[in-house]
Structure formats: structure tokens, C-alpha cells
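The primary structure of each chain is shown beneath.
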Amino acid sequence: EDVRQKYVKDKKLGEGTYAVVFLGYLRNDPASKVAIKKIKVNAEYKDGLTMDAIREVKYLQELSHPNVIALHDVFSSKDQNLNLVLEFLPRGDLEMLIKDSDIQYGLADIKAWMGMLARGVWFCHENFVLHRDIKPNNLLIASDGEVKLADFGLARSFADPYLNMTHQVITRWYRPPELLYGRDNTPVPWTYDQISKICDAFGTPTEANWPGVSKLPNYIPTDPASIVPLQGREFFYRQFPTAGPVGADLLMAMCSLDPRNRITAVEALRHHWWTIDPRPTRNEDLPQKQ
Ligand code: ADP
């Protein structure tokens, strides 16, 4: 059966840097709804869009979890672009909610959203899938309020592998220090700025608090006079008073500079914070865009 014939493309839903997204439906079920994401495959990649590459993306099709966007099908169109048939998620993304000053949300809402994110990440890692670009704009919201991890880097890397580092609009605030210091991170001006912001906020990575850090390919030594000591619990509590002391403890564990000391998704889910008041808001009561 030809996957291309299985779906009908409808109106355009939106356009991002790497893709055009259409509403679509199953040819044999006109009431169904899917999102067809057509990745603008970079010309130099077109020949490389082999079955191997598609097979890698197709692995995501095997993953099924309420907090991971469902990938129903993958096909390459006649113009050799990569088409992803995705679960239709009509309620926008978390970034839209955060940026909308008309929307009020509190700790119980944050706890609900964070729980859905943590469960999605846990499930991916359990299945040896790394997302590589988690940020509010990649957390899409289903009609029932469920938050889903979307936009896996694997598919996007076909569009332009360099865009991440050079394109202004790409958010860089969520990169952990080991990636900023890592081999794959070609240092660009903002790398230094980003690293110094992390050092100022959380403390400077040193051989004492992160054994081996100075051997990382793009490690940037800090003048001993400017070393900021590692921040403790009180700092996190002061910065994020809404989280409460227990929530601040979880944040500190998630923001450990040395990735070996950083809490894993499953450890985060076992944290005491989830069980104390306030309990997470139920999906149907979560704030949403108008
Ligand atoms: P970006 O995330 O940079 O906006 P995308 O290419 O991922 O770019 O998506 C473009 C637009 O298409 C989004 O802003 C959103 O409005 C819409 N969209 C993307 N994926 C879906 C989906 N699964 N369901 C519904 N709409 C979607």
C-alpha cells in the first residue's frame, strides 16, 4: 500500500523554519485529523534521504506514550521532501502560554505540565531515544490538555544541521553545559555568553565540582579570580520561591553542572515534590489560550 495515498492534505496550519505543517485526514476516514509536517529537506541531503535515514525516523513510530507526539506514518513526497504524519495537536504550545500575559497560572499548573514533560522524557529515555531540543515551543498541547513532547531533532536535522548554531531564532537557553563544552558544539560568539550566564547563576564548573570538565573539547578556562562558587539550596529557593523548599531541591538536582550528578527523569519522578501540596491541576482545569 502506498502511504502517500493513505492521507489527504488539507489547509496549511503553519510554517516554521524547517517545515510546513498541513491539516490532513485519512482518505478512508474523512472525520479523522492528522498534522502532515513536510520537512524542507536541504538540497545537499536529498540524495542522502535514503531508506536508512527514514528507518531511523520511523523508529519513533514504535513509541507510544500519552506525553510523546504520535508519529503515524513517514513518507517522502515526489519532490523528495520528508513528510511526517503526526498526531494533530490543536491547542498550541507551552511557549505561547508562558508568553501570554493574559494567562494566569500557578504552582499546581506548573506541577501538572512538568509532570507530563517528565513522563514523556522518562519514556523516551527508557526506549533509548534522545530528544535533543526540549523547550517550551516543542511541547504541544492536545485538545484534552495533555502536553506532548514534539519535534524530535532527528527529523529536523535533515532540513539543516547547521541552523541550530547560526540561526538567531533558535533558542539556546536550554542547552546543558556539557553540550556547550562538547565536541559537537562549534563555538560561536553566544556560546561564551551562554556559559558565563550559567556560571554566574549556578557556579563555575571546576575540576573540583565536575571531575574531567577541563578535558572537554570546547572547555573554556575561567580566571581563578572570577570563579563563582556552586550555589546551594537556599539560592534555588530564593530564585524560585513559588517552587517551595522541596521544589527548589528538585530544581537544584536537575540543574547540577556535572551531568553525572544530575537527576535522571525516573529519579525526578520519584521526588517527594510530586506528592506534597498543591497536587497537580487536572488536565481539564489547566489554563489555555483563548
Ligand atoms: P515552529 O515550531 O517553529 O512554529 P513547526 O514547523 O514545528 O514550527 O510548526 C509550524 C506550525 O504548525 C506551528 O506553529 C503550529 O501552529 C503548527 N503545528 C505543528 N505541529 C502541529 C501538530 N502536530 N498539530 C497541530 N498543529 C501543528
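Residues numbered from 1 in each chain as written. Predicted model: local features only at pLDDT ≥ 70, side-chain atom pairs only at ≥ 80, totals over all residues. Heavy atoms only, no water.

Caption draft 1: Just the confidence of the model for the protein chain, in detail. Mean pLDDT over the protein chain works out to 88, with 87% of the residues at or above the 70 mark. Here residues 161-170 scores under 50 on pLDDT; set against residues more than four positions off or in separate chains, the count is 15 contacts. Among the prediction metrics, the complex's ipTM stands at 0.97, with pTM recorded as 0.90. (pLDDT = per-residue confidence, 0-100. Contact = heavy atoms within 4.5 Å.)

Caption draft 2: View of empty space enclosed by the protein. Applying the stated criterion across every chain, the model contains one cavity of 30 Å³ or more. Along its surface, the largest cavity is lined by Arg91, Leu97, Trp113, Ile141, Gly145, Leu286, Pro287, Gln288 and Lys289. (1 Å grid on protein atoms, 1.4 Å probe; cavity = no way out; pocket = protein on both sides within 12 Å on 5 of 7 lines; lining within 4 Å. Points joined across faces, edges and corners; volume = space filled by probe spheres on them.)

Caption draft 3: Representation of the site of the ligand in the model. Near the ligand lie 14 residues; those nearest to it are Gly16, Val21, Lys37, Glu87 and Leu89. Here an oxygen atom of the ligand and a side-chain polar atom of Lys37 are 2.8 Å apart. Glu87 is positioned with one of its backbone polar atoms (N or O) 3.0 Å from a nitrogen atom of the ligand. A total of 530 Å² of accessible area belongs to the ligand in isolation, and the protein chains cover 74% of it. Where the shell around the ligand is concerned, the elements lending two or more residues are strand S1 (7-15), strand S2 (19-26) and strand S3 (29-39). It is S1 that provides the largest number of residues to the shell around the ligand, a total of three residues. A breakdown of the residues in the shell around the ligand according to their chemical character gives eight nonpolar, three polar and three charged. (Near = heavy atom within 4 Å. Polar contact = N/O pair within 3.5 Å; in protein donor to acceptor, adjacent residues only side chain to side chain. Areas by Shrake-Rupley, 256 points an atom, 1.4 Å probe, with all protein chains shown as cover. Helix = DSSP H or I, 4+ residues; strand = E, 2+ residues; numbered from the N terminus. Nonpolar A, V, L, I, M, F, W, Y, C, P; charged D, E, K, R; others polar.)

Caption draft 4: Inspection of the side chain of Thr206 at higher detail. Turning to its location among the elements, Thr206 is positioned in the loop between helix H8 (189-202) and helix H9 (233-239). Apart from residues lying up to four places away in sequence, Thr206 is in contact with Pro211, Val213 and Ile227.

Caption draft 5: Structural detail: the pattern of salt bridges. Counted under the stated rule, the structure contains 11 salt bridges. The partner of Asp73 in a salt bridge is Lys6, with the nearest N and O atoms 2.9 Å apart. Here Lys6 lies in helix H1 (residues 3-6) and Asp73 lies in strand S4 (residues 71-76), a separation of 67 residues in the sequence. Among the salt bridges present, the one from Glu87 reaches Lys148, with a minimum N-O distance of 2.9 Å. Note that Glu87 is positioned in strand S5 (residues 82-87) and Lys148 in strand S7 (residues 147-149), a separation of 61 residues in sequence. (Salt bridge = Lys/Arg side-chain N within 4 Å of Asp/Glu carboxyl O.)

Caption draft 6: Fine view of the packing of aromatic side chains. The final tally for this structure, using the stated rule, is eight aromatic pairs. Note on Phe235 and Phe236: the rings are 5.3 Å apart at their centroids and 90 degrees apart in plane angle, and the pair reads as edge-to-face. For the pair formed by Phe235 and Phe236, the shared burial category is buried. Site record: aromatic cluster; members linked through ring pairs are Tyr181, Trp210 and Tyr219. In this structure, Lys111 packs its charged tip against the face of Trp273, placed 4.7 Å from the ring centre. (Phe/Tyr/Trp six-rings, centres within 6.5 Å; stacked < 30°, edge-to-face > 60°. Buried < 20%, exposed > 50% of the residue type's maximum accessible area, 1.4 Å probe, protein only. Lys NZ or Arg CZ within 6 Å of the ring centre and 35° of its normal.)

Caption draft 7: Spatial organisation of the pairing of S2. As paired strands, S1 and S2 are joined by six bridges and run antiparallel to one another. Bridged to Lys12 within S2 is Phe22. Hairpin connection between S1 and S2: a loop of three residues separates the two successive antiparallel strands. Note that S2 and S3 share seven bridges and pair antiparallel. (Pairing = 2+ DSSP bridges.)

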